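Read off the chains here:
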Amino acid sequence: MLKTSKTILYEKLKESLSSVLPITAIVFVLCSTLVPVPTDILLSFIIGAIMLVVGMGLFTLGTDLAMTPIGSEVGSAITRSRKLWFIALISLVVGIIITIAEPDLQVLAEQVPNIPNMTIIITVAVGVGVFLVIAMLRIVFRIPLNYLLIGFYVAVFIVSIFVPNEFLAVAFDSGGVTTGPMTVPFIMALGVGAAAIRTDKHAEQDSFGLVALCSIGPILSVLILGLIFRPTGADAAYSAAAATENFANTRELWCYFRDSLPYYFKEVILALSPIIVFFVLFQITTIKLKKDRLIRISVGLVYTFIGLVIFLTGVNVGFMPMGSYLGSKLGSLDFNWIVIPIGMLIGYFIVAAEPAVHVLNKQVYELTNGMIPKKALSVSLSIGVCISVGLAMLRILTGLPIMYLLLPGYIIAIMLSFFVPPMFTAIAFDSGGVASGPMTATFLLPLAMGVCSAVGGNIAIDAFGIVAMVAMTPLITIQILGVIFRIKTGAEVKIQPETVVEDIIEMEGDA
């Protein structure tokens, strides 16, 4: 029996509620026990949580109906051309323009002191564009992913030796926030579409890995920026970042949310417009989809637009002040070591509220025909983020240099890539970028900054880096899942990317 749009939307809202509820409950417990919170901040958080549920539900439905089909069709079209210059040019332009409009990157750029926002944004965008070209050419030339990962991460760590400490954490953080709710669905679908035209046995595993490589580009480009740009007085610029709004009554609070909507309305328009323009151009010149599919994609874009506006407003206006306030108060406690277990608990559940995680879980489940269950992937991600947030809090309290954690972590992740099915390596490195989305940038990062300010740490060096940690640990935990999978089944993961477009059409028909 075909599902109606209302039924699918209900399922999406139910899924998003189950994702947001645990982190909301944790915050309520903290507010009732260790950290009494002003009423206006708590009310703002509650409104933000409701907006997260609604926004995420609409966004994920829109992704299914629009972003995934668009990415798949464009990916297939440019790869089918067999013209390397065309593949490289389109990939470069797409990578740059969708990254410039990525909301997560805007959030990070606003919190980095003494570096112009546009300088950070352009630097990161160029990095993503260049590495999207590399990722697409990897699919064409069938280059093993782990070889590229080894080469580029070696380059990253060599360059980092010569970069000031103030840039290290920001550089690795930029690799995580770049792959957010707007770029991930499109980039992942682009890879699926590109791999779908191949018929060799390795095509399925090569459909993943684009997010992994696109996460390296920003790290390397920001590190290079650090070689020529010298910020000073970093901490002075953080007072505004940690500040929270005060509201005399509920009307002022409501007006604050209402007045914030137009800003994120504009942000999402800027984010969606380049993708729509590219799709229209390809529709006119190459793919030429039928009218009914175009109507469904248009409806999906409306869902995506409305959902992302609501989500970003809720997470930036409702969640960011709460994260900053909780961090500053927990860091001021005599037993401030408690931020480590609390951070781990928050990290375990907060990853489920990342929109792009739902996109990854769904795509992995469908492409592997259920061989990699959503639950197993979700738990592995949660464990990874749990560990990463705990380590990040420990680093803030002790002043441990970030490279003491990142270097061993990436060495372990790359070593594991030689012992697990290649599919798990690709999914693991993709998941690192997916896990570090808007919830990390707008709740965990302000939380870390609040703790760092309270304990008298250097925010640019100690607080920044939590996004990088969130992006790193899933690389290990999901590959460990791959080891377990190989031991239990003794089999490789088998998927058929060439059937993805057909599955999308069938799903759209259900809608």
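Computed from a prediction, not measured in an experiment: that's the story for all the values here.

**Quick notes on the overall build of the protein chain**
And step 1. Of regular secondary structure, the protein chain possesses 22 helices and zero strands.
And step 2. For the protein chain, long-range pairs separated by at least 24 residues make up 87% of all intrachain contacts whose partners lie at least 6 apart in sequence.
And step 3. Summed over all atoms, the accessible surface of the protein chain reaches about 19,200 Å², with 68% contributed by carbon and sulfur.

**Quick notes on the layout of surface pockets**
And step 1. If you add up the space inside the largest pocket, you get close to 860 Å³.
And step 2. In terms of lining residues, the largest pocket is bounded by 31 residues, among which Glu 15, His 358, Asn 361, Lys 374 and Ser 378 are the most central.
And step 3. Those elements giving two or more residues to the lining of the largest pocket turn out to be α1 (5-32), α2 (39-80), α14 (339-350), α15 (355-367), α16 (374-398) and α22 (500-510).
And step 4. With eight residues, α1 is the single largest residue contributor to the lining of the largest pocket.
And step 5. Looking at the lining of the largest pocket residue by residue, the classes come out as 12 nonpolar, eight polar and 11 charged.

**Some thoughts on unusual backbone geometry**
And step 1. Phi angles above zero are rare outside glycine, and Arg 142 is one such case at about 60°.
And step 2. Relative to the helices and strands, Arg 142 resides in the loop between α5 (117-141) and α6 (145-160).
And step 3. Take Arg 142: its relative accessible area is 49%, and that puts it in the partly exposed class.

**Examining the packing of aromatic side chains**
And step 1. Summed over the entire model, instances satisfying the criterion amount to 15 aromatic pairs.
And step 2. Judged by centre distance (6.3 Å) and plane angle (50°), the ring pair of Phe 86 and Phe 282 falls under tilted. Taken together, the residues span a long stretch of sequence, with Phe 86 in helix α3 (residues 84-100) and Phe 282 in helix α12 (residues 250-287) at a distance of 196 residues.
And step 3. Accessibility expressed as a relative area gives 23% for Phe 86, which makes it partly exposed.
And step 4. Each ring, one from Tyr 348 and one from Phe 349, has its centre 5.1 Å from the other, and the planes form 75°; the classification is edge-to-face.
And step 5. The class of Phe 349 is partly exposed, set by a relative accessible area of 27%.
And step 6. The rings of Tyr 153, Phe 157, Phe 172, Tyr 410 and Phe 429 are connected pair by pair, giving a single aromatic cluster.

**Description of a nonpolar patch on the surface**
And step 1. On the surface, Val 154, Ile 158, Ile 161, Phe 162, Ile 224, Leu 227 and Ile 228 cluster together into a nonpolar patch covering about 730 Å² of accessible area.
And step 2. Going through the elements one at a time, α6 and α10 (210-228) are the ones with two or more residues in the nonpolar patch.
And step 3. It is α10 that contributes the most residues to the nonpolar patch, three residues altogether.
And step 4. Within the element layout of this structure, Leu 227 appears in helix α10.

**Focus on the nonpolar core**
And step 1. Counting residues in each nonpolar core, the largest one holds 168 residues, and the members touching the most others are Ile 346, Leu 406 and Phe 443.
And step 2. Element by element, the count of residues in this core is highest for α2, at 17 residues.
And step 3. With residues up to four places along the chain from it excluded, the contact list for Phe 443 reads Val 27, Phe 45, Phe 319, Met 322, Gly 323, Leu 326, Ile 346, Ile 350 and Pro 438.

**Here's the deal with empty space enclosed by the protein**
The probe, sized like a water molecule, is rolled over the atoms to show the empty space still left.
And step 1. In this structure the tally under the stated criterion is four cavities of 30 Å³ or more.
And step 2. Volume-wise, the largest cavity comes out at about 100 Å³.
And step 3. For the largest cavity, the lining is made up of 14 residues, of which Tyr 153, Ser 215, Tyr 410, Gly 433 and Ala 471 are closest to its centre.
And step 4. At the level of elements, α7 (165-177), α10, α18 (422-435) and α21 (466-489) are the ones that each hand at least two residues to the lining of the largest cavity.
And step 5. Here the residues of the lining of the largest cavity sort into nine nonpolar, five polar and no charged.

**A look at the packing of α16 against α21**
And step 1. Viewed as axis vectors pointing N to C, α16 and α21 meet at an angle of 140°, and their least axial separation amounts to 7 Å. Put simply, α16 runs oblique to α21. At the point where α16 passes α21, the crossing takes the right-handed sense.
And step 2. A class-by-class count of the residues in the contact of α16 with α21 yields 16 nonpolar, five polar and no charged.

**Looking at the environment of Cys 214**
And step 1. Within the secondary structure, Cys 214 is located in helix α10.
And step 2. Distance from Cys 214 to Val 130, taken between C-alpha atoms, is 8.3 Å for residues 84 residues apart in sequence.
And step 3. Dropping the residues within four chain positions of it, Cys 214 is found in contact with Val 128, Phe 131, Leu 132 and Ile 187.

**Here's the deal with helix α19 (residues 438-455)**
And step 1. Relative to the 26 Å expected for 18 residues at 1.5 Å per residue, α19 spans 25 Å between its end C-alpha atoms, a close match to the ideal helical length.
And step 2. In α19, a bend of some 25° at Leu 444 exceeds every other bend along the element, and Pro 446, a proline, comes one to four places later.
And step 3. Of all 18 residues in α19, 15 are buried, a share of seventy percent or more.
And step 4. The first or second residue beyond α19 is Gly 456, which carries a positive phi of 80°.

**A few points about the pattern of salt bridges**
And step 1. For the structure shown, the criterion picks out four salt bridges.
And step 2. Ionic pairing is found between Asp 64 and Lys 12, a salt bridge with its closest N-O pair at 2.7 Å. One end of the pair, Asp 64, is in helix α2; the other, Lys 12, is in helix α1, and 52 residues separate them in sequence. Of the two residues, Asp 64 and Lys 12, neither departs from the other in class, the shared state being buried.
And step 3. For Asp 292, the salt bridge is made with Arg 296, and the minimal N-O distance between the two is 3.5 Å. Separated by four residues within a single helix, Asp 292 and Arg 296 lie in helix α13 (residues 291-332), roughly one turn from each other.

**Structural notes on the environment of Glu 166**
And step 1. Summarising the element assignment, Glu 166 is placed in helix α7.
And step 2. Residue Glu 166 is classed as partly exposed on the basis of its relative accessible area, which comes to 31%.
And step 3. Along the backbone, Glu 166 and Ile 459 are 293 residues apart, and their C-alpha atoms lie at a distance of 9.1 Å.
And step 4. With residues up to four places along the chain from it excluded, the contact list for Glu 166 reads Ala 460 and Ile 461.

**Section: the side chain of Asp 462**
And step 1. Mapping Asp 462 onto the fold places it in helix α20 (residues 459-463).
And step 2. Nearest to the buried, unbridged Asp 462 among oppositely charged side chains is Arg 395, at 4.3 Å.
And step 3. Not counting residues within four places of it along the chain, the set of residues in contact with Asp 462 comprises Arg 395, Ile 396, Gly 399, Cys 452 and Gly 457.

The rules we used
Residues numbered from 1 in each chain as written. Predicted model: local features only at pLDDT ≥ 70, side-chain atom pairs only at ≥ 80, totals over all residues. Heavy atoms only, no water. Helix = DSSP H or I, 4+ residues; strand = E, 2+ residues; numbered from the N terminus. Contact = heavy atoms within 4.5 Å. Areas by Shrake-Rupley, 256 points an atom, 1.4 Å probe, with all protein chains shown as cover. 1 Å grid on protein atoms, 1.4 Å probe; cavity = no way out; pocket = protein on both sides within 12 Å on 5 of 7 lines; lining within 4 Å. Points joined across faces, edges and corners; volume = space filled by probe spheres on them. Nonpolar A, V, L, I, M, F, W, Y, C, P; charged D, E, K, R; others polar. Buried < 20%, exposed > 50% of the residue type's maximum accessible area, 1.4 Å probe, protein only. Phe/Tyr/Trp six-rings, centres within 6.5 Å; stacked < 30°, edge-to-face > 60°. Patch = residues over 30% accessible without salt bridge, like charges linked within 9 Å, V, L, I, M, F, W, Y side chains within 5 Å. Salt bridge = Lys/Arg side-chain N within 4 Å of Asp/Glu carboxyl O. Core = buried A, V, L, I, M, F, W, Y, C linked by side-chain atoms within 4.5 Å. Axes fitted to C-alpha atoms, helices over the stretch in contact; angles between N-to-C directions. Parallel < 35°, antiparallel > 145°, perpendicular 65-115°, else oblique. Left-handed = near helix turned anticlockwise from the far one by under 90°. Expected span 1.5 Å × (residues − 1). Bend = angle between axes of the 7 residues up to and from the residue. Lys, Arg positive; Asp, Glu negative; His and termini not counted.

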